[in-house]
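Now for the letters of each chain:
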Amino acid sequence: MDLFSFTECANRTHSLRALFDLLVSCASQEGFTEVSYGSLNFVEPLRLADYPPPTVAVKWPIDWCDRYFKRKYHTIDPVVRRTPLLSRPYLWDQLGQQYQLQPDERRVLDEAREAGLKHGMSVPLFGPLGRVSVASFASLSEDIDPQHCISHLNALAWQFHTAYGEIARRADADCDRKVALSQRETSCIRWVAEGKSSWEIGIILQISENTVNFHIKNVMRKLGSTSRIQAAIMAVRLNVL
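Cut-offs used in this document
- Residues numbered from 1 in each chain as written.
- Predicted model: local features only at pLDDT ≥ 70, side-chain atom pairs only at ≥ 80, totals over all residues.
- Heavy atoms only, no water.
- Helix = DSSP H or I, 4+ residues; strand = E, 2+ residues; numbered from the N terminus.
- Rg over C-alpha atoms; globule rule 2.2 N^0.38 Å.
- Buried < 20%, exposed > 50% of the residue type's maximum accessible area, 1.4 Å probe, protein only.
- Contact = heavy atoms within 4.5 Å.
- Areas by Shrake-Rupley, 256 points an atom, 1.4 Å probe, with all protein chains shown as cover.
- Lys, Arg positive; Asp, Glu negative; His and termini not counted.
- Charge placed at Lys NZ, Arg CZ, Asp CG, Glu CD.
- Arc of directions from axis to C-beta.
- Salt bridge = Lys/Arg side-chain N within 4 Å of Asp/Glu carboxyl O.
- Pairing = 2+ DSSP bridges.
- Core = buried A, V, L, I, M, F, W, Y, C linked by side-chain atoms within 4.5 Å.

> What's the story with the overall build of the protein in this structure? I'm lost.
In terms of helices and strands, the protein carries 11 helices and five strands. Taking 18 Å as the expected radius of gyration for a compact globule of 241 residues, we find that the protein reaches 19 Å, a close match to that expectation. Classification of the 241 residues of the protein by burial places 50% in the buried group. Of the contacts made within the protein by residues no fewer than 6 positions apart, 62% connect residues no fewer than 24 positions apart. Carbon and sulfur atoms make up 50% of the accessible area of the protein, which totals about 12,300 Å². Of note, the protein has its 28 positive side-chain charges centred 8 Å away from the centre of its 27 negative side-chain charges.

The structure is reproduced here in structure tokens:
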């Protein structure tokens, strides 16, 4: 699919999932089947379920995805750390040439390659009020020439970023609605926003883990969210915390 066709399809899309699948499909035609998109210095109102901030959408090998999020690699990932300092698309291998990467940053890149993410590249994406996002692409093959694809992937990333902004703005309009949470529901979802597990919240509030889960599910239902993380983000944006 050429850039014009991608833009036409993206402009007709009203779903983040459909838009991201379109990006993955187009990048895969270039040999880059692994794709992620995230916001680096603000919280997006719209994201796919099960991926904590700063990730908005991701398609990675399952094992790497599990390891990355369980070990909170986004706190040491050089792509997350360094992208706000860059203005042009770059190859992950170039980060070590431009910066004195710390050992933990190098470990993330090494483990990503071991997990199958070869020839990674990222595109810094900028928005209003100093917002910075990033789209990243990687190939499972060693035989891909990333320099040959970088211009096209850069254009795809920007078109995706623009189309996503339109979808997110429509979702953000939901912030005008009023949602009433009980005191206990508010307490539970506030601790979710702080990164606490249901067991930890139960200890803090001196209630059972099952009771915590009951209140969190009520919040998710009221907000129309599909995950506890998404519910916490929506609660913050709706000013109910």
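> I would appreciate a short explanation of helix H9 (residues 198-205) in the present structure.
Along an α-helix, residues three or four apart share an orientation, since each turn contains 3.6 residues. Among all positions of H9, only Ser198, Ile201, Gly202 and Leu205 are buried. Down the axis of H9, the buried side of the element spans an arc of 105°, and every buried residue falls inside it. Facing away from the buried side of H9 by over 90 degrees, the exposed positions are Trp199 and Ile203. Looking at the residues trailing H9, positive phi occurs at glutamine 206, about 60°.

> Would you mind showing me how to read the pattern of salt bridges here?
If the charged atoms of two oppositely charged side chains come close together, the side chains can form a pair. The tally for this structure, following the rule as stated, stands at nine salt bridges. Here glutamate 105 ties to arginine 81 by a salt bridge, and the two come within 3.4 Å at their closest N and O atoms. Within this pair, whereas glutamate 105 is found in helix H6 (residues 103-114), its partner arginine 81 is found in helix H4 (residues 78-82), the two being separated by 24 residues in sequence. Given the relative accessible area of 0%, glutamate 105 is considered buried. A salt bridge links arginine 82 to glutamate 105; the shortest N-O distance between them is 2.7 Å. In this pair, arginine 82 sits in helix H4 while glutamate 105 sits in helix H6, placing the two residues 23 residues apart along the sequence. The pair arginine 82 / glutamate 105 is uniform in exposure class, with both members buried. Each of Arg81, Arg82, Asp104 and Glu105 takes part in one network of salt bridges that share partners.

> Just checking my understanding: could you explain the sheet that holds strand S3 (residues 90-91) for this structure?
The strands making up a sheet associate through backbone hydrogen bonding, with each pair oriented either parallel or antiparallel. Reading across the sheet, the five strands line up as S2-S1-S5-S4-S3 and stay open at both edges, with antiparallel pairing between neighbours. Looking at the sheet topology across the chains shown, the edges are occupied by strand S2 (55-59) and S3. With two bridges joining them, S3 and strand S4 (residues 118-126) adopt antiparallel strand pairing. Within S4, the residue paired with tyrosine 90 across the bridge is serine 122.

> How do you make sense of unusual backbone geometry when you look at a structure like this?
Outside of glycine, negative phi angles account for most residues, and trans bonds account for most peptide bonds. Here proline 53 and proline 54 are connected by a cis peptide whose omega angle stands at 10°. With respect to the element layout, proline 54 can be found in the loop between strand S1 (34-39) and S2. In this structure, lysine 72 takes a positive phi of about 55° despite not being glycine. Inspection of the secondary structure puts lysine 72 in the loop between helix H3 (62-70) and H4. The backbone phi angle of histidine 119 is positive, close to 50°, even though this residue is not glycine. Following the sequence through the fold, histidine 119 ends up in strand S4.

> When you look at the environment of glutamate 30 in this model, what are you seeing that I'm missing?
Mapped onto the secondary structure, glutamate 30 falls in the loop between helix H2 (16-29) and S1. The spacing of glutamate 30 and tryptophan 60 is 30 residues in sequence and 16 Å in space, taken between C-alpha atoms. If near-sequence neighbours (up to four positions away) are discounted, glutamate 30 is found in contact with Ile144, Cys149, His152 and Leu153.

> Any chance you could explain the nonpolar core here in plain terms?
Soluble globular proteins: nonpolar side chains tend toward being buried together. Ranked by size, the top nonpolar core spans 59 residues in total, and within it Phe137, Phe160 and Tyr164 carry the most contacts. Counting residues per element, this core draws most heavily on helix H7 (residues 146-172), at 10 residues. Discounting residues that sit within four places of it in the chain, tyrosine 164 has contacts with Leu16, Leu19, Tyr37, Glu44, Leu46 and Val56. Of all hydrophobic cores here, the second largest spans 19 residues; its members include Cys188, Met220, Ala231 and Val240.

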